[in-house]
Amino acid sequence: MEDLLGENINVTELLDQALSLVITYTPKLMLAIVTLVIGLWLINRFIGVLDKKLGAKDPTLNKFLCGLISAIFKVMLLISVASMIGIATTSFIAVIGAAGLAIGLALQGSLANFAGGVLILIFKPFKVGDTIEAQGFLGAVAEIQILYTVVNTFDNRRIVIPNGSLSNATLVNVSIYEKRRCDMTFGIHYNDDIDKAKAILQRLFDEDERSLKDPEPRICVGSLGDNSVNLMFRAWVATDDLWPYYWDMHEKVKKAFDAEGITIPFPQRDVHVYKAE
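Figured I'd write up the structure that's included with this text. (Residues numbered from 1 in each chain as written. Predicted model: local features only at pLDDT ≥ 70, side-chain atom pairs only at ≥ 80, totals over all residues. Heavy atoms only, no water.)

## Concerning the packing of helix H6 (residues 194-207) against helix H7 (residues 242-260)
For any two helices packed against each other, the geometry is given by the interaxial angle and the distance between the axes. Our working rule: In this analysis, axes come from line fits to C-alpha atoms, helices being fitted only over the stretch in contact, and the angle between any two N-to-C directions falls in the range 0 to 180 degrees. Here a helix means four or more residues in a row that DSSP labels H or I, a strand means two or more in a row labelled E, and each is numbered from the N terminus. Oblique is the label for any angle not covered by the other classes, which are roughly parallel (under 35 degrees), roughly antiparallel (over 145) and roughly perpendicular (65 to 115). The hand of a helix crossing depends on one turn: near helix anticlockwise from the far one by less than a right angle means left-handed, and clockwise means right-handed. Contact criterion: two residues are considered in contact whenever any of their non-hydrogen atoms come within 4.5 Å of each other.
Relative orientation of the contacting elements H6 and H7 amounts to 135°, with a least axis distance of 10 Å. Comparing the axis directions of H6 and H7 gives the class oblique. For the element pair H6 and H7, the recorded crossing hand is right-handed. Of H7, the residues touching H6 (which contributes Lys196, Ala197, Ile200, Leu201, Arg203, Leu204 and Phe205) are Tyr245, Met249, Lys252, Val253, Ala256, Phe257 and Glu260.

Below is the structure:
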């Protein structure tokens, strides 16, 4: 009988303690959940507004900065929610620090990519919208994120390049200048008139509205090849017109040379046959 009474008392005490804990921590837990939901909503709203504002002024910076600020705010929110529940924030921060150190050692490459992104934003070797050639790819920069840079190629492929590789390797910014030199070489037969061929190239240059007069074009004999006299044709055009100009000019030169009797020779070789007596 006494054992049954003792068990009843213990169960009652446990129930009282459980009820006390529920009464004590339920409001804190509910408040923490509400704070977490509202805090995440406010952070997302703030990041959305910041993204629009920065995107209008500096599309290169907005993705990187918005991602970084979002991560910092969310960590601060989690620490605040933990303190509201009753978790000691000092211990919590210490655990986060230790976990951060371990994760940092395990993710050294990601940290290098983060540092590379910071260097790219500081020194600005390129910006969103520029055409770059890097890591064997040529395309337009679509986004500069915290760890990666997104490049869209001209054949509609999406390339993701780590920022660490971009900041530590050679890259070519194709669109940084407003005009570029278009280098072309056209071979003519050794029996053809060089001056006539140069005059045709000059005429085609003058007739094309995309040709820039300053700097002046350079038309000269570049080399004497095995099968042809190679005329070097260097014309300046706007950066956006470079490749259309290059392709169109090759077609125009072929048609003009054919019409004027200028020969573009095929590779050829003289073969001498000796008959043994």
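## Thoughts on the sheet that holds strand E6 (residues 179-188)
Sheets are built from strands that pair by backbone hydrogen bonding, the pairs being arranged parallel or antiparallel. Put simply, the rule reads: For two strands to count as paired, DSSP must find a minimum of two bridges between them.
What the three strands build is an open sheet, ordered E6-E8-E7; its pairing is antiparallel. The two strands at the open ends of the sheet, each matched to only one other strand, are E6 and strand E7 (218-224). Neighbouring strand axes in the sheet, compared pairwise and without regard to direction, differ in orientation by 25° on average. Pairing of E6 with strand E8 (residues 229-238) involves ten bridges; the strand directions are antiparallel. Within E8, the residue paired with aspartate 183 across the bridge is arginine 234. H7 rests against E6 and E8 of the sheet, and its axis sits at about 25° to E6.

## Section: the pattern of salt bridges
Quick note on the threshold: The working definition used for a salt bridge is a side-chain nitrogen of Lys or Arg within 4 Å of a carboxyl oxygen of Asp or Glu. Relative accessible area decides the class of each residue, using a 1.4 Å probe on protein chains only: under 20% of the type maximum gives buried, over 50% gives exposed, and in between gives partly exposed.
Across all of its chains, the model carries twelve salt bridges by this definition. For glutamate 260, the salt bridge identified is with lysine 196, shortest N-O distance 4.0 Å. Of this pair, glutamate 260 sits in helix H7 while lysine 196 sits in helix H6, and the two are 64 residues apart along the sequence. For glutamate 260, a relative accessible area of 35% puts it in the partly exposed group. Its relative accessible area of 34% is what places lysine 196 among the partly exposed residues. Linked through salt bridges whose partners overlap, the residues forming this network are Asp208, Arg210, Asp248 and Lys252.

## Observations regarding the environment of proline 162
Following the sequence through the fold, proline 162 ends up in strand E4 (residues 158-162). Take proline 162: its relative accessible area is 27%, and that puts it in the partly exposed class. As for proline 162 and glycine 117, which are separated by 45 residues in sequence, their C-alpha atoms are 8.7 Å apart. When sequence neighbours within four positions are dropped, the list of residues in contact with proline 162 reads Asn113, Leu147 and Tyr148.

## Brief notes about the nonpolar core
Put simply, the rule is: Working definition of a nonpolar core: buried Ala, Val, Leu, Ile, Met, Phe, Trp, Tyr and Cys residues. They are joined through side-chain atoms within 4.5 Å.
Leu201, Phe233, Tyr245 and Phe257 are the most contacted members of the largest nonpolar core, which totals 22 residues. Looking at this core, the elements with two or more residues in it are E6, H6, E8 and H7. A total of six residues in this core trace back to one element, the largest contributor, which is H7. Once you skip the residues sitting within four places of it in the chain, tyrosine 245 turns out to touch Cys182, Met184, Phe205, Asp208, Arg210, Ser211, Phe233, Ala235 and Val237. With 14 residues, the next largest nonpolar core counts Val128, Ala134, Val141 and Ile144 among its residues.

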